[in-house]
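Coordinate inspection notes
Residue strings, one per chain:
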Amino acid sequence: MKDETTYRIPFDILEAFMTDALKGIGVPEEDAKICADILITSDKRGIDSHGIGRLKPIYYDRIKQGIQNPVTEFEVVKETFTTAVIDGHDGMGHVIAKKAMQMAIDKAKIYGMGMTVVRNSTHYGFAGYYPLMAIENNMIGMTGTNARPSIAPTFGVENMLGTNPITVGVPSDEPFPFVLDCATSVSQRGKIEVYDRENKDLPDGWVIDRQGRSRTDTKQILIDLVKGEAALTPLGGIGEDTGGYKGYGYATFVEILSAALQSGSFLKGLLGFDANGKAQPYHLGHFFIAINIENFTEPESFKKITGDILRDLRASEKMPGQERIYTAGEKEYEAWLDRKDKGTPVNEALIKDILDIKAELGLKQYHFPFEK
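Treat the numbers as computed from the prediction; the structure is a model and nothing was measured. (Residues numbered from 1 in each chain as written. Predicted model: local features only at pLDDT ≥ 70, side-chain atom pairs only at ≥ 80, totals over all residues. Heavy atoms only, no water.)

Moving on to the overall build of the chain. Across its full length, the chain carries 11 helices and 12 strands. Scaling as 2.2 N^0.38, a compact globule of 372 residues should have a C-alpha radius of gyration of about 21 Å, and the chain matches this with 20 Å. Each principal axis of the C-alpha distribution contributes one length, and for the chain these read about 55 × 50 × 45 Å. Considering the chain as a whole, with its 372 residues, one finds that 53% of them fall into the buried category. (Helix = DSSP H or I, 4+ residues; strand = E, 2+ residues; numbered from the N terminus. Rg over C-alpha atoms; globule rule 2.2 N^0.38 Å. Buried < 20%, exposed > 50% of the residue type's maximum accessible area, 1.4 Å probe, protein only.)

Now the structure itself:
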C-alpha cells in the first residue's frame, strides 16, 4: 500500500462547502444546512464512513442522476397522539429523518413515548445523529433503517437484506452519552469504501462470494456487491457457530419495522434498479422512537445509574495485554477531542471528490490546503 498525504480541513469550512455543494444542485438552503450538519457531525465523531466521504457518491451523484429529489416533500400520511406514518417522496433522507425524529420527540414530551415511521426516503446519513437529538431532550432515542441488499441470510449467499442498523442513544452523567450505532452485518458498505480509499484489503469473514467463500479484494467487492456477486456476512459471521443467525435475525427485524408498518418497499425492492436495469430511487424506510425518561423516573437519577453502569464496566478486569475497556460512545467522544481543533482528515480520494465538485459548481470562494 502506497503512502499518501492526509490533509485536515476545519469543520466550519467543510460544513459550509457541503452546504454550498448541495445548494448548487438544487437542495434548498435550509435543507442543505441540515444535510451538511449531519454529515459533519459524523466526521466530528470520527465516523469517516458517513461524513464528507458520502457527499459525492451517495447524495451529489444521485441527485445528478435523477434518482433522488433535491427538494423534499414531507407528507404525514397518518397520525395519532403518539405515532405518525410519513412519506418522504424520495427526497433528502437527512431532512426527512430529522423532521421525523423531531415529531417522535415532540410526541414523547406530551405522552411519554413517540414513534414515527417513514417510507420512500433515501440514505439518511449516520444513524447516531437521531438518538443524539433525543438525548438532548433527556430522552432515550432509537432508530433503524433498511438499505439496498447487501447481507446474505445465514446459510445463504444471495445479498437480500440491507446493513440495517439498530441504533440507540441513552443520556448519562458522563461527558458523553451511551450511543450504539452499528450495522447488523459484520461490517458495512461505508467501512469497505474507507478501506478502498486507503487501498487496503478487507479482513477475512466480512464478505462472501456465491460459493460461500470469504473474499478480501476490496475494490472488486464494491462492484460485485452491486452486481449481486458478493454479499456481506451478518453480525456473528458465516454460519451459526459464531452466532451469525443473531445478526441475520436483527437485520430482518429492522427490515420489518422499516417496511411493514409504513407499507413500504423491502429486500430486492430496494436495489435502486428497475426490471430493465435502469437506475431508480431506493425507496428506503426508517423508524424513530423517543422515550421520555421523566415519565418513568427523575432524569438525573437515570443518568447517574447509567453512568455507574458504564463506569463499572470500564473498571472491570481487563484481558491480558489490553489497557482499556470502552463503552459505546467513548471512542467517538475521544475522536471529537482529537479533531475539534484539527478538523476532518481527507485523503487523495476525498480530495478528488472535493475538487471535482468545486470545479463543476464554480465554488471559487473555497481554497483548501491541498490546492497549489
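This part is about the packing of helix H1 (residues 11-24) against helix H11 (residues 348-361). Two numbers describe how H1 lies on H11: the axes approach to 10 Å, and their chain directions differ by 50°. It follows that H1 is oblique to H11 by the angle criterion. Once H1 is placed against H11, the crossing between them reads as left-handed. Here Leu14, Phe17, Asp20, Ala21 and Gly24 of H1 lie close against H11, whose contacting residues are Ile354, Ile357, Lys358 and Leu361. (Axes fitted to C-alpha atoms, helices over the stretch in contact; angles between N-to-C directions. Parallel < 35°, antiparallel > 145°, perpendicular 65-115°, else oblique. Left-handed = near helix turned anticlockwise from the far one by under 90°. Contact = heavy atoms within 4.5 Å.)

Turning our attention to unusual backbone geometry. For Asn120, which is not glycine, the phi torsion reads 55° and is therefore positive. Within the element layout of this structure, Asn120 appears in strand E4 (residues 113-121). With phi around 55°, His283 is a residue other than glycine that occupies positive phi space. As for its position among the elements, His283 is in the loop between helix H8 (244-257) and strand E11 (284-292).

This part covers the domain arrangement of the chain. Domain annotation of the chain identifies domain 1 (1-65 + 342-371), domain 2 (72-186 + 237-339) and domain 3 (187-232). The C-alpha centroid of domain 2 is placed 24 Å from the C-alpha centroid of domain 1. Counting residues at the interface gives 27 residues for domain 1, matched by 20 residues for domain 2. Sorting the residues of domain 1 by area buried against domain 2 places Ile38, Arg45 and Arg62 first, and these three jointly supply 31% of that buried surface. Taken together, domain 1 and domain 2 are joined by three salt bridges. With a shortest N-O distance of 2.8 Å, Arg339 and Asp48 are connected by a salt bridge. (Domains from an automatic or database assignment. Buried area = accessible area lost by both parts, 1.4 Å probe. Salt bridge = Lys/Arg side-chain N within 4 Å of Asp/Glu carboxyl O.)

Here we come to the packing of aromatic side chains. The full count for this structure, using the stated rule, is 13 aromatic pairs. Ring centres of Phe17 and Phe368 lie 5.4 Å apart, and the angle between their planes is 85°; on these two criteria the pair is classed as edge-to-face. One end of the pair, Phe17, is in helix H1; the other, Phe368, is in the segment after H11, with 351 residues separating them in the sequence. Each ring, one from Tyr124 and one from Phe288, has its centre 6.0 Å from the other, and the planes form 55°; the classification is tilted. Of this pair, Tyr124 sits in the loop between E4 and helix H5 (129-135) while Phe288 sits in strand E11, placing them 164 residues apart in sequence. A network of ring pairs unites the aromatic residues Tyr7, Phe17, Tyr366, Phe368 and Phe370 as a single cluster. Here the basic side chain of Lys200 rests over the ring of Tyr195, its NZ or CZ set 4.6 Å away from the ring centre. The ring of Tyr326 has Lys331 sitting right over it, with the charged end atom 4.6 Å from the ring centre. (Phe/Tyr/Trp six-rings, centres within 6.5 Å; stacked < 30°, edge-to-face > 60°. Lys NZ or Arg CZ within 6 Å of the ring centre and 35° of its normal.)

Quick look at the layout of surface pockets now. Its volume calculated, the largest pocket comes out at about 1,100 Å³. What lines the largest pocket is a set of 48 residues, and nearest its centre among them are Ile47, Ser49, His50, Asp181 and Gln188. At the level of secondary structure, the elements contributing two or more residues to the lining of the largest pocket comprise helix H3 (55-65), strand E7 (178-182), helix H6 (189-197), E11 and helix H10 (330-339). Grouping the constituent residues of the lining of the largest pocket by class yields 17 nonpolar, 19 polar and 12 charged. (1 Å grid on protein atoms, 1.4 Å probe; cavity = no way out; pocket = protein on both sides within 12 Å on 5 of 7 lines; lining within 4 Å. Points joined across faces, edges and corners; volume = space filled by probe spheres on them. Nonpolar A, V, L, I, M, F, W, Y, C, P; charged D, E, K, R; others polar.)

Before going further, it helps to examine the side chain of Thr19. For Thr19, the location among the structural elements is in helix H1. Setting aside chain neighbours within four positions, we find Thr19 in contact with Ala32, Lys33 and Ala36.

Take the nonpolar core next. Among the nonpolar cores identified, the biggest contains 58 residues, and Leu55, Tyr130 and Ile354 are the most heavily contacted of them. Breaking this core down by element, the ones donating at least two residues are H1, helix H2 (29-44), H3, strand E3 (83-87), helix H4 (93-111), H5, E11 and H11. Ranked by residues supplied to this core, first place goes to H4 with nine residues. Split by domain, the residues of this core number at least three in each of domain 1 (1-65 + 342-371) and domain 2 (72-186 + 237-339). Residues contacting Leu55, with those up to four places away along its chain left out, are Phe17, Met18, Ala21, Leu22, Leu39, Tyr60 and Ile357. Counting 13 residues, the second-largest nonpolar core is a separate cluster that includes Ile192, Tyr195, Leu225 and Ala251. (Core = buried A, V, L, I, M, F, W, Y, C linked by side-chain atoms within 4.5 Å.)

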